[in-house]
Amino acid sequence: MGLALGTAAVVLVVLLWELARPTLKRTLARIRLLWWAHRRASPPAGYDPGRERRAEQRARSLLRSCVNEHDWAMYRDLGFLRVWGGLGDHGRGEDASYAYLIYPHKPLVAYVSESGELLNEYCVAFPDQSKPYGSSRLPDSDDVLAKWMALTADERRLVGEANMHLPGRQVDPDRVRRDLARLECWEQERLRQLAGPRRDSVPAA
Amino acid sequence: MKLLRMKPGHGEIVLAEGDVAVPEQELELIEAFRRELDAGMWAAVPTAAPGGRREAELVKSFAEVPRDAERVIFFPRAAGGAPAAQL
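(A) Highlighting the overall build of chain A. Helix and strand counts for chain A stand at five helices and five strands. Reading chain A from its N end, one meets helices and strands in the order α-α-α-β-β-β-β-α-β-α. When burial is assessed residue by residue, chain A has 26% of its 205 residues classed as buried. Taking all contacts inside chain A whose residues are at least 6 apart in sequence as the whole, residues at least 24 apart take part in 53%.

In structure tokens form, the structure reads like this:
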């Protein structure tokens, strides 16, 4: 009698397990998915918006102290920096045959200075593996400064470290063209301002 | 001379500061410099050329740092970003 009851109990448990197993598996999978989604959505541990803002302010001051006034004004007003290429026939400077646009945390975009034709994207990053606050990402302006320093110091080395792609892989080519047009307008306006007030704008005595 | 390091979530921090003409201070600067290079950092010295042009110079040892440099900036070494496209 005891043996029969025991056997029946074991059979019952096995049957119940077989019935419940698919539901249990689905529930566990759903919990796992929800947990991953939650992890992805939440900011990195220790993220503090105020601290990040202060970090960016420090980075901007450092950038400003390193580049010249024209370049700083360009970054402040337009949000990117232009660096003339130095490997062409004309050397670095306004005569250079090509230039780069430096955006924070985006690839360098090379283009022909005269025509504005886009050449390549150079995808490069400066990850700090020590991750002091849980992130390896430098403040935006530090990223721009790191690219600027590496480009002006050793363009060949930086380009060698980067992954090269055709234009449009990460940075929208239309956006770059718009930025080049903005840059041209900005420089013309700046030249006008530096030249002083126009004669026809001086009020008559 | 100041040795600065870019740091995520902080901006730059001062690693060491001293006068290269004072041997003890120069030694401290050299030690801090080596520590950063050993940690895989790149070191750059911002420079100002005549005519207002600004550039930077990458240095691989303290001996390469110009004696009159006001600061050396350390930043993480460059790494290729997004992986190359699949062919």
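(B) Representation of the confidence of the model for chain B within the structure. Residue and element names in this part refer to chain B. Averaged over chain B, the pLDDT score is 91; the fraction of residues at 70 or greater is 93%. Here strand S6 (residues 79–80) is the element of chain B with the lowest mean pLDDT, 88, and strand S5 (residues 71–76) is the one with the highest, 97. Here the predicted complex carries an ipTM of 0.91, next to a pTM of 0.79.

(C) Expanded view of the interface of chain B and chain A. At the interface, 27 residues of chain B touch 37 residues of chain A. Of all the elements in the fold, those that place two or more residues in the side of chain B that touches chain A are strand S1 (2–7), strand S2 (11–17), strand S3 (41–48), strand S4 (54–59), S5 and S6 of chain B. Looking at the side of chain B that touches chain A, the element that brings in the most residues is S4 of chain B, giving five residues. For the side of chain B that touches chain A, a count of residues per class yields 15 nonpolar, six polar and six charged. Judged from the two bridges that link them, strand S4 (residues 118–125) of chain A and S6 of chain B form a sheet pairing that is antiparallel. Looking at the pairing, alanine 125 of chain A lines up with alanine 79 of chain B of S6 of chain B.

(D) Summary view of the sheet that holds S5 of chain B. Spatially, the five strands line up as an open sheet ordered S2-S1-S5-S3-S4 (chain B), and their pairing is mixed. The sheet is open, and its two edges are formed by S2 and S4 of chain B, each paired on a single side. Within the sheet, the average angular offset between the axes of one strand and its neighbour, ignoring direction, is 30 degrees. Pairing of S1 of chain B with S5 of chain B, which is carried by four bridges, proceeds in the parallel orientation. Along S5 of chain B, the bridge assignment pairs leucine 4 of chain B with isoleucine 73 of chain B. Where helix H2 (residues 49–66) of chain A meets the sheet, it contacts S2, S3 and S4 of chain B, and its direction lies at approximately 65 degrees from that of S2 of chain B.

Calculation criteria
Residues numbered from 1 in each chain as written. Chains lettered and ligands numbered in written order. Predicted model: local features only at pLDDT ≥ 70, side-chain atom pairs only at ≥ 80, totals over all residues. Helix = DSSP H or I, 4+ residues; strand = E, 2+ residues; numbered from the N terminus. Buried ≥ 20, exposed ≤ 12 C-beta atoms within 10 Å, placed from the backbone. Contact = placed C-beta atoms within 7 Å. pLDDT = per-residue confidence, 0-100. Nonpolar A, V, L, I, M, F, W, Y, C, P; charged D, E, K, R; others polar. Pairing = 2+ DSSP bridges. Axes fitted to C-alpha atoms, helices over the stretch in contact; angles between N-to-C directions.

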